[in-house]
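Commentary on secondary and tertiary structure
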There are 2 protein chains.
Amino acid sequence: MKGLPNMGNMEISRPLPLKQIDIDDDFWSGYIQLVRNVVVPYQWEALNDRIDGAAPSHAIRNFKIAAGLEQGEFYGMVFQDSDVAKWLEAVSYLLETGQDPELERVADEIIDIIANAQQIDGYLNTYFTLKEPAGKWSNLAECHELYCAGHMIEAAVAYYHATGKRKILDVACRLADCIDTVFGPEAGKIQGYDGHQEIELALVKLYHVTGDGKYLILSQFFLDERGKEPNFYELEYIRRGQTKHFPMLDMVFDRSYSQSHLPVRSQESAEGHAVRIVYMCSGMADVAAETGDKALLNACRVLWNNIVSKRMYITGAIGSMAHGESFSLDYDLPSDTAYAETCASIGLIFFAQRMLQIEAKSEYADVMEQALYNTVISSISKDGRHFFYVNPLEVWPEASDKNKGFSHVKPERQGWFGCACCPPNIARFLASLGRYIYSLKDRTIYTHLYIGSLMKFDIDGSEIILKQCSNFPWDGKVSFEVSLDKETEFTLALRIPGWSGGAEIHVNGTRIAWEDDVIDGYVYIPRTWQPGDTIELHFPMTVSWMKGHPLVRETIGKVALQRGPIVYCLEEADNGANLHHIVLKQLTSQCDSFDENLLGGVLTITASAHRVQTESWGAQLYKANELTTTEAVNVTFIPYFSWANRGRGEMTVWVRTESI
Amino acid sequence: MKGLPNMGNMEISRPLPLKQIDIDDDFWSGYIQLVRNVVVPYQWEALNDRIDGAAPSHAIRNFKIAAGLEQGEFYGMVFQDSDVAKWLEAVSYLLETGQDPELERVADEIIDIIANAQQIDGYLNTYFTLKEPAGKWSNLAECHELYCAGHMIEAAVAYYHATGKRKILDVACRLADCIDTVFGPEAGKIQGYDGHQEIELALVKLYHVTGDGKYLILSQFFLDERGKEPNFYELEYIRRGQTKHFPMLDMVFDRSYSQSHLPVRSQESAEGHAVRIVYMCSGMADVAAETGDKALLNACRVLWNNIVSKRMYITGAIGSMAHGESFSLDYDLPSDTAYAETCASIGLIFFAQRMLQIEAKSEYADVMEQALYNTVISSISKDGRHFFYVNPLEVWPEASDKNKGFSHVKPERQGWFGCACCPPNIARFLASLGRYIYSLKDRTIYTHLYIGSLMKFDIDGSEIILKQCSNFPWDGKVSFEVSLDKETEFTLALRIPGWSGGAEIHVNGTRIAWEDDVIDGYVYIPRTWQPGDTIELHFPMTVSWMKGHPLVRETIGKVALQRGPIVYCLEEADNGANLHHIVLKQLTSQCDSFDENLLGGVLTITASAHRVQTESWGAQLYKANELTTTEAVNVTFIPYFSWANRGRGEMTVWVRTESI
């Protein structure tokens, strides 16, 4: 491909098309139905400003005005368009996994509006079209033009896959072509990149669906341009007369905020805005996979390792600092002021999935699972209408009310947000969950997640159906049944979750010794499969007392309970206020039990603890040589994802223990 | 007095004039000499912009320009004048306690300049005179006009006491008279009050020195006007066309920030900017003392109790929240993000001293001592040229560098500040330290602080000299020697510090039983004193393991070591990094020893501890069921006030223990 050196073959596994996977799972089907029946319709209402009491969106009206269908002015954030794109992407995944003519009609209508809002040269962005037509491409640092374009491209690719309709894909290609005429290494083009990464991974999707290599080349250009000297943001800042879109923020000069402090290949730690860096890494992995660029892949590994070994919460959340929604420093993982944005965990899953395609190592899938079962599903309420943008690991509601250092930490999920990136991101992610379960490389089918589903794939032109039944996350029993017309040779690669410490595996009822067939956390079972073959897996799912690395100040002297992929927490509703008074007994025998009437059905854990007594203390604030008095209590842990569904109250993931 | 009901007599004790007290103390004389020889000269250079590398002040030039002596424009904060006033106040105290003709000449010169900067109607404020002459008295919420006036009045009263020269006192009277023509309950005057309390206590000082009751009435007016409905800030905001001086801040509408959310008599918790509320409470106590207003006094007690029993650090620091330099909520006392402004602790001492005058209860003096020996002297470096504005109880320097939630927390004292309220406040406070040792009521002389000194006072016209020798803070031995011409009957009231749990007292070598003569923490020794009478006190000074109230989340499971009035801390210089790895052994026998070569001579405490090992952990961020490995170590505590004198490093006051 012209301009893009092929640096050697990099064989990667690919997710199966969503239409080949039908999730049927006690735990997950409910979420996907919630997205279909509530979240997507609710968000459509929100995008149309028809939710009483929610922050206004105006996103659909912006498109209608830009399309000349209505009169009015642009309203909202500079990246408001992306909410519509993410919604359309979620709709696409729903349509790919189930017919819904009415939803498709609504989508076609908004696609028509979007197409009408596109300008003759392919440009598409309602903020600049309506509000600042002379300012196009003049403020990449702050104004998210390429970010919005990236989301529109992702939506277009998804809609095309779902429906086969080209209209929005053509819009996306014209938009990408427009971008290609504006950006690039050639004289007269802009040598720049967007403040918020997203276009990079989107262009690779467009390359996949169109086969047009220029999109891949453009993606690589954006990645490699970032961090060059002199800094592009400062050049464009001077060019546009030193104006700022967000004068309160420092997007122009705080280079690490958008990872422009160094070339992406030289970055050794995850700095700045968390969503941006994981979207960037996803694009880097995409380009590395396509071009065989091992140096770029290695840069991905370096950043991955920094994130997961020094800067990630046990819930799979990242970006601990509210200021700039960003990473701070190694081992700085405060529970109570955590930012831990939902979108950042979704982005981390994007990054993990891409790394997993390049190298099938269970550490990537483990993190994917960790973020999925904890932060991602914690961020949405059981009713599908309330969301967490910020996902703290400890909450003291009164402090959220009165201490401004905690004002980003909400004790309850919110209806909508002025900056509403997270809710539609949750929707599009959950609607496409099927894409994260399996991937295929040659004759090997990888199972990354244990989610009940029916999946079809092809080997040598013959269709194979893999039916997975899973009791996750409450029980480690999983079974597969293979349906095929004729016996076929292929390899089933099954992930051994890091938390399980192993598994029992039976093939057709016979226990197999698999320990020698594990590579990087995946058991490879090569076999000539017969119709009706079955595999049964049993992963031990016991309660673990998790500790944080001793360099993490926040978790020293504390434990978090985890069982299978689920991280647990204490909530005030079960344990009263002042959760810091609870100290787990060291060798407590905790017991777990499934409570089908609690929070939609969750497994709770009960443990013995001391509870510090306050009453005997009196009014003094400090006392000399005072003995702490305690009483023995039982405390109840609930899954972290299910917190904040019973009113305001305290919550904590990390709990003090007797041990040091 | 017209307008000011006398609500009954309130007999109060009064501090002795500074010229009657000569501090001669191993511990304190060095500080006072530092103020005289270094701090005040250094600050004079700073105010004149002659310190390389320090933030510019421009404060003297502002006065010169306003006086017509130089050309130029105002520069600095809207309250820049107050730095000059506080410096002049410090100079006054130095002149009152020791002649210094050159310093007095410099002071007279700046007084001439200040007098020339005063306008014909008595108005004096260089910001408004130079920069916004049409805006006088239009933005009390934000612009500190009365605050600056208050500081000028305090300086003037102090200078008059020191030198007997009236020039600056006359300036102050004209300024106060001008204010009196502008503010008051009468039609045509402004019914308002300053955003930053200070004028209230200053006017009472002016009343004391002039005997003119209108200043007291004006002070009471400002106090009682605060918090009335409709809110004055909002009225003036509308009147001036809805402009803001600090558009980033919310001084106009965040009423509790400046304690205007309720009438001062109805406020039950310490809210908002910490310095403002303690200055306000000082003014409230002053007015209550003069008028006998018991309701106002009770309001002081309510706020005092809330502060000291729910919102004060063990170091006597207050105002835990960086946002708004303010109080947050009960028991919210984070160590690492503490704001704990130096000026707020000084203001707390002002408040304590006034309460102590009204009611001699050792709890007030205990807090005064706690703030003095810990926060106040921690805020100034041994070289007298570097200062802490913020006084954290725990520091992780890398977090201060990289996590914006900690950016206010400096691991090292700074040379000067753009907002330079604290350094001159420290100077004026330390220069007047003598005023806090004793107070006199009728025939009772109260000793509040144990500081070596020679003090003269009068009973029935005969001069008595009390010579105090003190080994504080390293040893609890104190002695007094009484010199008088003829035997005189008076009562010596001696404070029993809360931390001591008691004392041994000898009068002329004979141990006395005093336990029945204690009222509110003071031992009363009535006696007909003879020349040469001696009193010897011995307060047990042992190391206490201090605990915080169990509702303080930050201190649970931790202790702070205190010995006498001194709170201790661990520093990286003695104990290596990662102080959170240190866990004190429960029944450790710590030993203390005086190290005269360390930090100018301090008593250190050594204790046995476990130290968590990191090396064996490996690269994983979280591990299941991992046992923590530790090694036995001895750790060394140094006085909190002496931290950060050996380069950047970690520090913590609260240390983990084995016990719950």
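Residues numbered from 1 in each chain as written. Chains lettered and ligands numbered in written order. Predicted model: local features only at pLDDT ≥ 70, side-chain atom pairs only at ≥ 80, totals over all residues. Heavy atoms only, no water.

With an unreviewed UniProt entry as reference, chain A is termed Glycoside hydrolase family 127 protein, source organism Paenibacillus pectinilyticus.

A closer look at the overall build of chain A
Looking only at helices and strands, one finds 18 helices and 26 strands in chain A. Taking 660 residues into account, the globule formula puts the C-alpha radius of gyration at 26 Å, and chain A, at 25 Å, falls close to it. Projected onto its principal axes, the C-alpha coordinates of chain A cover approximately 75 × 70 × 50 Å. When contacts within chain A are restricted to residue pairs at least 6 apart in sequence, long-range pairs at least 24 apart make up 72% of them. Just so you have it, chain A exposes about 22700 Å², and 48% of that area is on carbon and sulfur atoms. (Helix = DSSP H or I, 4+ residues; strand = E, 2+ residues; numbered from the N terminus. Rg over C-alpha atoms; globule rule 2.2 N^0.38 Å. Contact = heavy atoms within 4.5 Å. Areas by Shrake-Rupley, 256 points an atom, 1.4 Å probe, with all protein chains shown as cover.)

Examining unusual backbone geometry
The residue after F472 of chain A, namely P473 of chain A, is reached through a cis peptide bond having omega -5 degrees. Relative to the helices and strands, P473 of chain A is located in the loop between β9 (462–470) and β10 (477–484). Its identity as a non-glycine residue notwithstanding, D442 of chain A has a phi of 55 degrees, on the positive side. Inspection of the secondary structure assignment puts D442 of chain A in the loop between β6 (438–441) and β7 (444–447). Given the relative accessible area of 57%, D442 of chain A is considered exposed. For W137 of chain B, which is not glycine, the phi torsion reads 55 degrees and is therefore positive. Within the secondary structure, W137 of chain B is located in the loop between α5 (126–130) and α6 (140–143). For W137 of chain B, a relative accessible area of 12% translates into the label buried. (Buried < 20%, exposed > 50% of the residue type's maximum accessible area, 1.4 Å probe, protein only.)

Some words on the interface of chain B and chain A
Taken together, the contacts link 60 residues of chain B with 60 residues of chain A. Together, the buried faces of chain B and chain A total about 5300 Å²; carbon and sulfur atoms form 63% of this surface. Its largest share of buried area at the contact with chain A, chain B owes to R553, Y622 and I660 of chain B, together 17% of the area lost on that side. For the pair chain B and chain A, the number of links is two salt bridges. One salt bridge in this structure joins R553 of chain A and E650 of chain B, with 2.7 Å as the shortest N-O distance. Applying the counting rule to chain B against chain A returns 26 residue pairs in polar contact (both at pLDDT 80 or more). Among the elements that line the side of chain B that touches chain A, the one with the most residues is strand β16 (residues 543–548) of chain B, at five residues. For the side of chain B that touches chain A, the residue count by class is 27 nonpolar, 19 polar and 14 charged. (Buried area = accessible area lost by both parts, 1.4 Å probe. Salt bridge = Lys/Arg side-chain N within 4 Å of Asp/Glu carboxyl O. Polar contact = N/O pair within 3.5 Å; in protein donor to acceptor, adjacent residues only side chain to side chain. Nonpolar A, V, L, I, M, F, W, Y, C, P; charged D, E, K, R; others polar.)

What about the pattern of salt bridges?
Opposite charge on two side chains permits them to pair, given that their charged atoms come into close proximity. Summed over all chains, the structure comprises 85 salt bridges over all chains. In this structure, K214 of chain A and D212 of chain A form a salt bridge, with 3.8 Å as the shortest nitrogen-oxygen distance. The exposure class of K214 of chain A is partly exposed, given its relative accessible area of 29%. The partly exposed category is assigned to D212 of chain A, whose relative accessible area is 30%. Of the charged contacts, one joins K310 of chain B and D330 of chain B as a salt bridge, the two residues approaching to 4.0 Å between their closest N and O atoms. Residue K310 of chain B is located in helix α13 (residues 294–310), and its partner D330 of chain B is located in the loop between β3 (326–327) and α14 (342–358); the two are separated by 20 residues in the primary sequence. Assessed through its relative accessible area of 29%, K310 of chain B is described here as partly exposed. Taking the relative accessible area as the measure of exposure, D330 of chain B reaches 24% and is therefore partly exposed. One network of salt bridges, with partners in common, ties together E89, E154, K205 and R428 of chain A.

Here's the deal with the packing of helix α3 (residues 81–97) of chain A against helix α17 (residues 422–431) of chain A
All names here are of chain A. Their axes nearest at 8 Å, the elements α3 and α17 cross at an angle of 20 degrees. By the criterion of interaxial angle, the relationship of α3 to α17 is roughly parallel. For the crossing formed where α3 meets α17, the hand is left-handed. Judged by residue contacts, D83, K86, W87, E89, A90, Y93 and L94 of α3 engage P424, N425, A427, R428 and A431 from α17. (Axes fitted to C-alpha atoms, helices over the stretch in contact; angles between N-to-C directions. Parallel < 35°, antiparallel > 145°, perpendicular 65-115°, else oblique. Left-handed = near helix turned anticlockwise from the far one by under 90°.)

Quick notes on the relation of the copies chain B and chain A
Once turned by 180 degrees and shifted 0.0 Å along the axis, chain B lies on chain A with an RMSD of 0.0 Å. Considering both components of the superposition, the chain copies are consistent with a two-fold axis. (Least-squares fit on C-alpha atoms with pLDDT ≥ 70 in both.)

Thoughts on the sheet that holds β10 of chain A
Residues and elements named next belong to chain A. An order of β2-β8-β9-β10-β16-β12-β13 is seen for the seven strands of this open sheet, with the pairing classed as antiparallel. Looking at the sheet topology across the chains shown, the edges are occupied by β2 (21–23) and β13 (510–511). Direction of pairing for strand β12 (residues 504–507) relative to β13: antiparallel, over a ladder of two bridges. Within β13, the position partnered with V507 by the bridge is T510. (Pairing = 2+ DSSP bridges.)

Structural notes on the domain arrangement of chain A
Residues and elements named next belong to chain A. When cut into domains, chain A gives domain 1 (29–436), domain 2 (438–538) and domain 3 (546–657). On the domain 3 side, the residues contacting the 29 residues of domain 1 number 26 residues. Across the interface of domain 1 and domain 3, roughly 2400 Å² is buried in total on both sides, 57% from carbon and sulfur atoms. The three residues of domain 1 that bury the most area against domain 3 are I314, Y331 and K382, which together make up 25% of that side's buried surface. The interface formed by domain 1 and domain 3 holds one salt bridge in total. For R648, the salt bridge is made with D401, and the minimal N-O distance between the two is 2.8 Å. (Domains from an automatic or database assignment.)

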